[in-house]
Number of protein chains: 2
Amino acid sequence: MTTASPFDQAIALQPQADGSFLGHTSAAYGNMVGPFGGVTAAQALNAVLQHPQRLGDPIALTVNFAAALADGPFTVLARPARTNRSTQHWVIEVQQQGEAVLTGTAFFGLRRETWSADEHAMPPVPAPSAVSLAQNPPRVEWVRRYEMRFVEGAIPTEWDGKDQGISRTRLWLRDAPPRPLDFASLTALADVFFPRVWRRRPVLVPIGTVSMTVYYHADQAQLAATGSGYLLGQTQAQAFRNGFFDQTAQLWNEAGELLVTTHQVVYYKE
Amino acid sequence: MTTASPFDQAIALQPQADGSFLGHTSAAYGNMVGPFGGVTAAQALNAVLQHPQRLGDPIALTVNFAAALADGPFTVLARPARTNRSTQHWVIEVQQQGEAVLTGTAFFGLRRETWSADEHAMPPVPAPSAVSLAQNPPRVEWVRRYEMRFVEGAIPTEWDGKDQGISRTRLWLRDAPPRPLDFASLTALADVFFPRVWRRRPVLVPIGTVSMTVYYHADQAQLAATGSGYLLGQTQAQAFRNGFFDQTAQLWNEAGELLVTTHQVVYYKE
């Protein structure tokens, strides 16, 4: 008998007779209010991954966090809005008590081998084994589900509000315990970065991601080759403006292949 | 009597009794197949902008191009999926003959003044008046609706297939004829960049944007201050992989304020 990993337990969905999926928030991925958004995004994607009408693999996903999920069950509705010969467009909604808590869209496709190139190269960084494990006692439970080794721009230890002039963070990361990478876990990994406004100007202002987009450059073979190895994550904001900032990020595997590029816009208060 | 600009004519929508909006493709923005996607994105946003239930201004928009629009009428459905105290989540669909040709989501919000900073600074470039107007005869009609002054990485003139090692383009641009900037025109301007795969490796391979996300950092006051001035656009790909590449972009006004950051994923064939 094997025991499912906390991540597999968290994203598990039960297909319902009406075509929807039933899920449940996971205490293992608890956040300040509601669950870690990366797992909610993975759950939304998982409804498409498990859907009997699915064609191909994820290329793009956008999720919008409409409200904090309450601890408990939720329903995922995933509808194929358009199916072409080799591509498919999905509309997704997560509901609690009949109200939308997440809206989203996904684009899936069949890939063909073409001329390819990674233009955004992995920056030169020390190997994961040469970077120490983050030791800060986490404020929230979900952080314990990831191994994080900060190369640059760790979570501030002095919340002195001094403008750092830059919001970039680089870290090695993977699931804890280690788990073979798939599209669902890659989606959650795309959201592990702590909010850039805390990095740029260390003040613990309230924040919340409102929209997140993930572009999957990896195919199944690259995921399999990456296995449970580390990913290098890099993230930086482009603008902080009157209540909202954006945050871009890249995830490479140890071989230096760019697996994901992702973007989000985050609410902040002060 | 005044005549509406081609852009205003293109994005005009008629509210219908059932709450949907009726639009029509515009020959002035014709592309290789169907209309310029930037105008279709602007039309989708415009349904929310004109909606009687709208709260605040656009912060994030994602549109997915599910099929090339046929020349003719289309219907835009815009539904407020969730309205919070100061934010609102929209689900959008554009249909022709009852079939989805575009799916999308939008996030609107009321802004409050907070600590703000532009982290991605405008690169040093010559002033618009010092950069010559692109003179290439355009292959498609919509290109005539924009004034483009390439600083770096213009459309290739030799399609020799040589890998350039970089896909970056920088250009000054604005509507032609000039038109005061608003959220709709800013949305279209976020999509004017020619496909990065042609820049990186000049081969005229078939391409098509499949998903595009726009983050609006500008508020109404900044749009008004920008008026009909030039925007500096910068765009670059991060990865080209087996049929799909991504493309990130920034738009600054002449004062150097970052108005928009945007991302798209594009299909390419070879």
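Shown above is the structure to which this text applies.
The model shown is predicted, which means the values in this text are computed figures rather than measured ones.

The rules behind each value
- Residues numbered from 1 in each chain as written.
- Chains lettered and ligands numbered in written order.
- Predicted model: local features only at pLDDT ≥ 70, side-chain atom pairs only at ≥ 80, totals over all residues.
- Heavy atoms only, no water.
- Salt bridge = Lys/Arg side-chain N within 4 Å of Asp/Glu carboxyl O.
- Helix = DSSP H or I, 4+ residues; strand = E, 2+ residues; numbered from the N terminus.
- Buried < 20%, exposed > 50% of the residue type's maximum accessible area, 1.4 Å probe, protein only.
- Phe/Tyr/Trp six-rings, centres within 6.5 Å; stacked < 30°, edge-to-face > 60°.
- Lys NZ or Arg CZ within 6 Å of the ring centre and 35° of its normal.

**A look at the pattern of salt bridges**
Residues and elements named next belong to chain A. Applying the stated criterion across every chain, the model contains 30 salt bridges over all chains. With a shortest N-O distance of 3.0 Å, R168 and E152 are connected by a salt bridge. With R168 in the loop between β8 (146-152) and β9 (169-175) and E152 in strand β8, the pair connects residues that are 16 residues apart, well separated along the chain. Its relative accessible area of 22% is what places R168 among the partly exposed residues. Between R179 and D182 there is a salt bridge, with its nearest N and O atoms 2.8 Å apart. Residue D182 is classed as partly exposed on the basis of its relative accessible area, which comes to 26%. What emerges from the salt-bridge pattern is a single network uniting D8, R179 and D182.

**Remarks on the packing of aromatic side chains**
Throughout the structure, instances matching the rule amount to 26 aromatic pairs over all chains. Their ring planes at 55 degrees and their centres at 5.7 Å tell us that F245 of chain A and Y268 of chain A sit as a pair that is tilted. Taken together, the residues span a long stretch of sequence, with F245 of chain A in strand β13 (residues 244-253) and Y268 of chain A in strand β14 (residues 258-268) at a distance of 23 residues. Each member of the pair, F245 of chain A as well as Y268 of chain A, is classed as buried. Taken together through their ring pairs, the aromatic side chains of F7, Y29, F36, W142 and Y146 of chain A make up a single cluster. A cation sits over an aromatic face here: R196 of chain A above F194 of chain A, 4.5 Å from the ring centre. Positioned above the aromatic ring of Y230 of chain B, the side-chain terminus of R174 of chain B is 4.1 Å from the ring centre.

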